[in-house]
Amino acid sequence: MADTSSLARSNSNEESKLRNVARALEVPRESGTPLLFPESASCLSGVTANQRQFAALGNERSLSELHELRRKAMADLLSQAVAYSRSYLDLPEELTRRAANFLANDNSGNLQSGSQDDSIANLNSQPSPIILSGHQPTLYHPGIWFKHFVLDALAKQIRGIPIHLIIDNDLAGIAAVKVPQQVNQEVRTVAIPVDREQVEVPFEARKIVDRDYFEAFPARLRPALPMIDAPIVEALWREPVETDNYGQALAARRHRFEAQAGLQTLEVPLSHLCKTESFSTFASQLMMRAYEFASLHNRTLIEFRQQHRIRSRAHPFPELQIEEDWIEVPFWIWERDDPRRRRLFCRQVAGEVVLSDREKIEVRVPNQGLPMELLTVMKNGLAIRPRAITTTMYARLFLGDWFLHGLGGAKYDELTDLLIQHFWGIPVPAFGVATATFRLPNTPYIPDLEVQLSDLENTIRRMQQQPDRFIDPGDHAAEELVLEKQKLIREKDSFVDQKSFRNAVAELDQQLREHMLPKIEVLSQERQQLEQSQTAKRIWGARDYSLACFPSTLADDLRELARRTMDVG
């Protein structure tokens with residue numbers, strides 16, 4: 001049962017720590033530099049601490065149900081990840097052996113909870129920990145890709161089982177990759193399509209629209225990257241993937257490329273896990289305690305906004321609605337034949353849970369045996385998928401021993417921490433954060449003109465506000481206006497009211513401003529050129545260009561950077 005009375009006190013106790021974490025989570029500025037939080041040694045000890053903490057759940061009678069759900073969820077995850085990854089990739093023998101041993105020995109709860117030794121030697125003597133990361137199946141930028149390399153390096157160091165969750169319940173956006181290009185005198189980003197566009201749907205429902213067009217993507221991207229020799233896209237598209245799902249096709253190509261680069265990881269779409277009994281059990285618990293969860297969720301969210309001085313009620317996400325007996329739960333719902341995501345509401349009615357989007361979908365499910373009933377509903381064409389905070393909560397609590405975030409997810413996981421602590425009533429498991437900055441090589445050098453631009457803008461502003469200080473010698477008409485203004489100021493006290501005085505001064509300033517127009521026009525043109533240069537510098541130097549745009553050597557650079565960051569010899 002949630003301990004809501006201590007929520008405010010907990011927030012106060014955590015505030016200092018969260019500020020320190022926020023300061024640590026800053027995007028690396030220099031190209032080729034990583035961010036890992038906490039540092040390598042703390043990641044290693046954090047994995048062991050989480051394992052020990054999770055194992056202790058089995059010793060608490062009140063938490064035995066949660067412990068059992070975790071055991072089943074991890075077994076489902078491993079089974080699904082091995083089967084899915086094998087469908088397009090030859091898996092390393094060592095990795096499959098660890099997975100098989102985990103499943104055979106039920107290692108999800110066998111760590112000795114009394115052990116306090118967090119050394120690598122102790123890690124190697126314990127059951128293989130499952131370490132996770134996750135992201136949407138896109139051709140994301142190298143900073144996101146770096147997580148895969150850290151996951152691999154960490155797993156090899158501690159004999160872990162690394163699994164990347166393909167978050168395919170998120171909406172598939174524009175199927176394109178942006179690249180920087182100079183068109184005439186202007187530098188701008190241009191979108192290179194990967195596939196034909198279609199109505200926006202979740203990744204799991206997004207099919208490849210035009211197979212020939214999709215397979216010809218490298219031929220469209222390559223000419224847009226004249227500064228890159230042998231871009232990764234050519235290696236990614238070397239062998240076809242036998243799936244018509246857009247996101248899975250991208251993810252499988254990337255995963256195979258990673259394997260060729262020496263990474264040993266598993267992957268699985270979140271949609272596959274949502275069709276397991278363990279996930280439906282998790283979802284059932286939130287549905288049966290919907291009012292309690294929604295109330296706690298909303299109070300936590302409001303306090304988060306107050307603490308961070310956020311005014312928008314939509315940021316970082318909206319509150320869950322509570323309207324009479326309808327309670328919003330943090331899941332999406334859609335029909336197989338109409339895959340538009342809708343918010344899920346539920347209510348309790350005479351031994352049943354009514355599930356609805358409050359538009360067109362309404363399904364009644366018996367309370368008795370709710371997890372299996374939900375599975376039946378989903379097999380009959382209804383998708384129930386977690387939203388962002390629910391996905392993270394499920395992954396961190398039930399699927400693994402360590403979760404590796406990127407910057408975006410980490411900054412909002414203080415919300416997840418509080419919900420875990422107060423709703424589930426257990427200590428919060430630690431997590432890691434990894435990213436890196438890589439910029440496209442061989443782009444034009446443009447000096448930083450920010451100081452010059454600031455000085456120029458200040459000069460133009462002063463010319464407009466104090467034109468009498470910038471008149472040219474020999475501009476007799478302007479000099480006369482200045483003398484008139486000075487005389488006016490000397491005779492200020494002779495005015496009946498100050499409004500008349502101010503109006504007279506303003507009129508003279510306006511006439512002086514007209515004398516400044518040619519100068520201001522010249523400076524404005526210079527400012528426009530500086531702004532264009534700064535824009536070009538920002539576009540060429542952005543860190544969020546797709547991994548497909550980089551040289552094939554990027555994988556070696558990321559692997560070596562991850563090894564150094566994790567202190568792997």
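Residues numbered from 1 in each chain as written. Predicted model: local features only at pLDDT ≥ 70, side-chain atom pairs only at ≥ 80, totals over all residues. Heavy atoms only, no water.

## A closer look at the packing of aromatic side chains
Condition: Each aromatic pair joins two rings of Phe, Tyr and Trp (for Trp, the six-membered one) with centres within 6.5 Å, and gets the label stacked for planes under 30 degrees apart, edge-to-face for over 60, and tilted for any other angle. Per the convention used, a helix needs a DSSP run of H or I reaching at least four residues, while a strand needs a run of E reaching at least two, with both numbered from the N terminus. Burial classification: accessible surface area is computed with a 1.4 Å probe over protein chains only, and a residue below 20% of its type maximum counts as buried, one above 50% as exposed, and the rest as partly exposed.
Across all of its chains, the model carries 18 aromatic pairs by this definition. Plain terms: the ring middles of Trp 145 and Phe 257 are 6.1 Å apart, the flat faces sit at 35° to each other, and that makes the pair tilted. Separated by 112 residues along the polypeptide, Trp 145 in helix α6 (residues 142-158) and Phe 257 in helix α10 (residues 246-260) bring together distant segments of the chain. An identical accessibility class is assigned to Trp 145 and Phe 257; each is buried. When the centroid spacing of 6.4 Å and the interplanar angle of 70° are considered together, the rings of Phe 282 and Phe 331 count as edge-to-face.

## As for the pairing of strand β13 (residues 402-405)
Put simply, the test is: Strand pairing follows a simple DSSP-based rule, namely that at least 2 bridges must link the two strands.
Side-chain alternation along β13 places Trp 402 and Leu 404 on one buried face and Phe 403 and His 405 on a second face that is also buried. Across two bridges, strand β2 (residues 130-135) lies against β13 in parallel orientation. Each bridged residue has a counterpart across the sheet, and for Leu 132 the counterpart in β13 is Phe 403. In this structure, β13 lies alongside strand β14 (residues 432-437), joined through two bridges in parallel fashion. What sits directly across from His 405, in β14, is Val 433.

## A closer look at the pattern of salt bridges
Put simply, the rule reads: The salt bridge definition used is simple: a Lys or Arg side-chain nitrogen within 4 Å of an Asp or Glu carboxyl oxygen.
Going through the model one piece at a time under the given rule, you end up with 37 salt bridges. Several salt bridges share partner residues, and in doing so they unite Glu 335, Asp 338, Arg 340, Arg 342, Asp 357, Glu 359 and Lys 360 into one network.

## Observations concerning the layout of surface pockets
For clarity, the threshold we go by: The definitions used throughout rest on a 1 Å grid laid over the protein atoms alone, on which a cavity is an enclosed set of points accommodating a 1.4 Å probe that cannot get out and a pocket is an open set flanked by protein within 12 Å on both sides along at least five of seven lines; lining residues are those having an atom within 4 Å of a point. Grid points are joined across faces, edges and corners, and a volume is the space filled by probe spheres set on the points. Under the convention adopted here, Pro, Cys and the residues Ala, Val, Leu, Ile, Met, Phe, Trp and Tyr are nonpolar, Asp, Glu, Lys and Arg are charged, and Gly plus all remaining residues are polar.
Here the largest pocket is characterised by a volume of approximately 870 Å³. Lining the largest pocket are 33 residues, with Gln 136, Asp 170, Ala 388, Thr 392 and Gly 409 sitting closest to its centre. Elements with a minimum of two residues in the lining of the largest pocket: β2, α6, β8 (326-335), α15 (388-399), β13 and α16 (407-424). The class makeup of the residues in the lining of the largest pocket is 16 nonpolar, twelve polar and five charged.

## Re the packing of helix α12 (residues 277-288) against helix α14 (residues 370-379)
For clarity, the threshold we go by: Lines fitted to C-alpha atoms define the axes here, with helix axes fitted over just the stretch in contact, and angles between the N-to-C directions of these axes take values from 0 to 180 degrees. Small angles under 35 degrees read as roughly parallel and large ones over 145 as roughly antiparallel, with 65 to 115 read as roughly perpendicular and the rest as oblique. Take the far helix as your reference; a near helix turned counterclockwise from it by less than a right angle gives a left-handed crossing, and one turned clockwise gives a right-handed crossing. Between two residues, a contact is recorded if the distance between any of their heavy atoms is within 4.5 Å.
The interhelical angle for the contact between α12 and α14, taken along N-to-C directions, is 110°, at an axis separation of 8 Å. Between α12 and α14, the crossing angle belongs to the class labelled roughly perpendicular. The hand of the α12/α14 crossing is right-handed. Contacts between α12 and α14 involve Glu 277, Ser 280, Thr 281, Ala 283, Ser 284, Met 287 and Met 288 from the former and Leu 370, Pro 371, Met 372, Leu 374, Leu 375 and Met 378 from the latter. A class-by-class count of the residues in the contact of α12 with α14 yields nine nonpolar, three polar and one charged.

Interpretation note: all reported values are geometric properties and have no functional meaning in isolation.
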